[in-house]
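A structural walkthrough
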Amino acid sequence: MIGRLQGKLIEKQPPEILLDVQGVGYELLLPMTSFYNLPDIEQQCTLFTHLVVREDAHLLFGFSTKTDRTLFRELIKTNGVGPKLALAILSAMSVHEFAYAIEREELSKLVKIPGVGKKTAERLLVELKGKFKGIQQSDFFVESKHLTAPNIMPAETETPDDEAVAALVALGYKLAEAVKMVKKVANGNLTSEQLIREALKAAL
């Protein structure tokens, strides 16, 4: 099991990155809450990881903190929640926000996440409610920090709006819905990561 990787950030196209670790390029999928914490291209970064082995692929997921990875692992243990849906949940909410929503039984907030229907949301409440109380406060109930999305250069053939739409689709939103979400928050001055963050915030 690959538990942590440290290397140079070579590419980032939300929600995917390419990390060079001593000459070996690792492709990782990150929730947007971790993506916002990435350094600039060519800079060193450390990520905690979780490897998902399927018959047709090995998928490596990366997280900026152990807390994010812990919640991801709890989510995929839940019946009906796979890695892609867990990624969407962690992209829509921070660990603190998700824990708060579970403990307050905010079903309406959970069902706004793509792929989370009423039954799945109810299952999350049943299976995860109370678990956060057993976690140390420093692990889950932490104050949300102000995250500043790093400046990145858009791909030559894609605008930040295009990249943001593609990322939202990868997170489970339908194309038309993703386009509408990005248009709602776009002002011509935001990076793709900032657009994604604002679009996800507005969706909830």
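Bear in mind that the values here come from a model prediction, so they are computed numbers and not experimental data. (Residues numbered from 1 in each chain as written. Predicted model: local features only at pLDDT ≥ 70, side-chain atom pairs only at ≥ 80, totals over all residues. Heavy atoms only, no water.)

**A short note on the overall build of the protein**
- Helix and strand content of the protein: 9 helices and 5 strands.
- Start at the N end of the protein and walk to the C end: the helices and strands fall as β-β-β-α-β-β-α-α-α-α-α-α-α-α.
- For the protein, the residues scored as buried account for 41% of the 204 residues in total.
- Restricting the contact set of the protein to residue pairs at least 6 apart, pairs at least 24 apart contribute 58%. (Helix = DSSP H or I, 4+ residues; strand = E, 2+ residues; numbered from the N terminus. Buried < 20%, exposed > 50% of the residue type's maximum accessible area, 1.4 Å probe, protein only. Contact = heavy atoms within 4.5 Å.)

**With respect to the packing of helix α4 (residues 95-103) against helix α6 (residues 118-128)**
- In the contact formed by α4 and α6, the axes pass within 9 Å of each other and the chain directions differ by 90°. Relative to α6, the element α4 is oriented roughly perpendicular. Of the residues in α6, those in contact with F98, A101, I102 and E103 of α4 are L124, L125 and L128.
- Its residues assigned to classes, the contact of α4 with α6 comprises 6 nonpolar, no polar and 1 charged. (Axes fitted to C-alpha atoms, helices over the stretch in contact; angles between N-to-C directions. Parallel < 35°, antiparallel > 145°, perpendicular 65-115°, else oblique. Nonpolar A, V, L, I, M, F, W, Y, C, P; charged D, E, K, R; others polar.)

**Focus: the nonpolar core**
- Ranked by internal contacts, the top residues of the largest apolar core, which has 57 residues, are L75, F98, L110 and L168.
- Examining the composition of this core, we find that 7 residues originate from one element, helix α3 (residues 83-92), more than from any other.
- Excluding anything up to four places from it in sequence, F98 contacts L71, L75, I89, M93, L110, L128 and F132. (Core = buried A, V, L, I, M, F, W, Y, C linked by side-chain atoms within 4.5 Å.)

**With respect to the pattern of salt bridges**
- Going through the model one piece at a time under the given rule, you end up with 8 salt bridges.
- Note that K8 and E42 form a salt bridge whose closest N and O atoms lie 3.7 Å from each other. Taken together, the positions of K8 in strand β1 (residues 4-13) and E42 in the loop between α1 (32-35) and β4 (44-53) put the pair 34 residues apart, joining distant regions of the chain.
- Taking the relative accessible area as the measure of exposure, K8 reaches 32% and is therefore partly exposed.
- Of the charged contacts in the structure, one is a salt bridge between K201 and E198, with a shortest N-O distance of 3.6 Å. One end of the pair is K201 and the other is E198, both in helix α9 (residues 192-203) and 3 residues apart, which spans about a single turn.
- One network of salt bridges, in which partners are shared, links E103, E105 and K129. (Salt bridge = Lys/Arg side-chain N within 4 Å of Asp/Glu carboxyl O.)

**Re α4**
- All buried positions along α4 are accounted for by V95, F98, A99, A101, I102 and E103.
- Turning to α4, the residues buried within the fold contact α2 (66-77), α3, α5 (107-110) and α6.
- Just beyond α4, the residue with positive phi is E105, at close to 55°.

**Observations regarding the UniProt feature "domain: Helix-hairpin-helix DNA-binding motif class" (unreviewed entry) in the protein**
- As recorded in UniProt, the feature "domain: Helix-hairpin-helix DNA-binding motif class" (unreviewed entry) lies at residues 73-92 and 108-127.
- Taken end to end, residues 73-92 is 75% helix and 0% strand, and its two terminal C-alpha atoms sit 16 Å from one another.
- Along residues 108-127 one finds 65% helix and 0% strand; the C-alpha atoms at either end are 17 Å apart. (UniProt positions renumbered as here; feature names shortened; annotations may be inferred.)

**Here we look at the pairing of β1**
- Where β1 lies against β4, 5 bridges are found, and the strand directions are antiparallel. Each residue of the ladder has a partner; that of K8, found in β4, is Q44.
- The antiparallel hairpin formed by β1 and strand β2 (residues 16-21) contains 2 residues in its connecting segment. (Pairing = 2+ DSSP bridges.)

**Re the packing of aromatic side chains**
- Counted according to the given criterion, the structure contains 2 aromatic pairs.
- Relative to F72, the ring of F61 lies with its centre 5.0 Å away and its plane at 35°, an arrangement referred to as tilted. In this pair, F61 is assigned in strand β5 (residues 58-63) and F72 in helix α2, connecting sequence segments 11 residues apart. Residue F61 shares its accessibility class with F72, and that shared class is buried.
- Taking the centre distance of 5.0 Å and the plane angle of 50° together, the rings of F63 and F72 count as tilted.
- You can call F72 buried: its relative accessible area is 0%. (Phe/Tyr/Trp six-rings, centres within 6.5 Å; stacked < 30°, edge-to-face > 60°.)

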